[in-house]
Amino acid sequence: MKTALFLLFVISSLSSVAQPANEPAAIRHLLQQQTKDWNRGNIEGFMKTYWKSDSLMFIGKNGVVWGWQQTLDNYKKGYPDTAAMGQLSFDIIEVKPIAKNYYFVVGKWMLQRTAGNLSGHYTLLLRKMKKGWKIVADHSS
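What you are looking at is a predicted structure, and each value in this text was computed from that prediction instead of being measured.

Colleague: Which parts of the structure should I look at to understand the overall build of the protein chain?
Modeller: If you tally the helices and strands in the protein chain, you get five helices and six strands. The helix and strand sequence of the protein chain, counted from the amino end, reads α-α-α-β-β-α-α-β-β-β-β. Once local pairs closer than 6 in sequence are excluded, the contacts in the protein chain between residues at least 24 apart make up 52%. Roughly 8200 Å² of accessible area belongs to the protein chain as shown, and the carbon and sulfur atoms make up 55% of that amount.

Colleague: Just checking my understanding: could you explain the pattern of salt bridges for this structure?
Modeller: Scanning all chains against the criterion turns up three salt bridges. The salt bridge partner of Glu 23 is Lys 128, with a shortest N-O separation of 2.7 Å. Placement of the pair is Glu 23 in helix H2 (residues 22-39) and Lys 128 in strand S5 (residues 118-129), with a sequence separation of 105 residues. For Arg 40, the salt bridge identified is with Asp 37, shortest N-O distance 3.4 Å. What makes Arg 40 exposed here is its relative accessible area of 56%.

Colleague: What is the right way to read unusual backbone geometry from this model?
Modeller: What is expected of a backbone is that most residues other than glycine have negative phi and most peptide bonds are trans. For Asn 101, which is not a glycine, the phi torsion comes out positive at approximately 70 degrees. Looking at the secondary structure, you find Asn 101 in the loop between strand S3 (87-99) and strand S4 (102-112). Overall, Asn 101 belongs to the partly exposed group, its relative accessible area being 30%.

Colleague: In this structure, what is going on with the packing of aromatic side chains? I would like to understand it.
Modeller: Tallying each qualifying case throughout the model produces nine aromatic pairs. Measuring from centroid to centroid gives 5.7 Å for Trp 38 and Tyr 75, while their planes differ by 70 degrees, and the two rings are edge-to-face. With Trp 38 in helix H2 and Tyr 75 in helix H4 (residues 68-78), the pair connects residues that are 37 residues apart, well separated along the chain. Taking relative accessible area as the criterion, Tyr 75 reaches 12% and is therefore assigned buried. Ring geometry for Phe 58 against Tyr 75: centres 5.8 Å apart, planes inclined by 70 degrees, an arrangement best described as edge-to-face. One end of the pair, Phe 58, is in strand S1 (residues 57-60); the other, Tyr 75, is in helix H4, and 17 residues separate them in sequence. Under the relative-accessibility criterion, Phe 58 is labelled buried at 15%. Aromatic rings pair up to connect Trp 38, Phe 46, Tyr 50, Phe 58, Tyr 75 and Tyr 79 into one cluster. Directly above the aromatic system of Trp 68 lies the positively charged group of Lys 52, at a separation of 4.5 Å from the ring centroid.

Scoring rules and cut-offs
Residues numbered from 1 in each chain as written. Predicted model: local features only at pLDDT ≥ 70, side-chain atom pairs only at ≥ 80, totals over all residues. Heavy atoms only, no water. Helix = DSSP H or I, 4+ residues; strand = E, 2+ residues; numbered from the N terminus. Contact = heavy atoms within 4.5 Å. Areas by Shrake-Rupley, 256 points an atom, 1.4 Å probe, with all protein chains shown as cover. Salt bridge = Lys/Arg side-chain N within 4 Å of Asp/Glu carboxyl O. Buried < 20%, exposed > 50% of the residue type's maximum accessible area, 1.4 Å probe, protein only. Phe/Tyr/Trp six-rings, centres within 6.5 Å; stacked < 30°, edge-to-face > 60°. Lys NZ or Arg CZ within 6 Å of the ring centre and 35° of its normal.

Read these as geometric descriptors, not functional statements.
Structure (structure tokens):
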């Protein structure tokens, strides 16, 4: 699966793919919903935007993590309460179609917290599924 996901990304990024104009808006809405859920202290709601699969890939400072549940567990461990979570905001730099039903998103994340602010960048691979857009791979640093 790891190799297949990587190959899909490489192959599809080589071609320009036309997508309906409303798809970037739907993806931006998904990220806005993520922000709202995070800022309410609702990690489970935040995770609804992720593919609920053992094949979900999350890459962070500690390396690659596979699976929706493990990603949720890591978020809960790293952000045990609303003070640790702070207030999240995203600066979306690019939302780009790379294949039918796949988008690549690049942006910056910022957390304002009393314990000290944090920020970094992210890349997301999103796939359109029956129930809408889902994040299938997330690299946040």
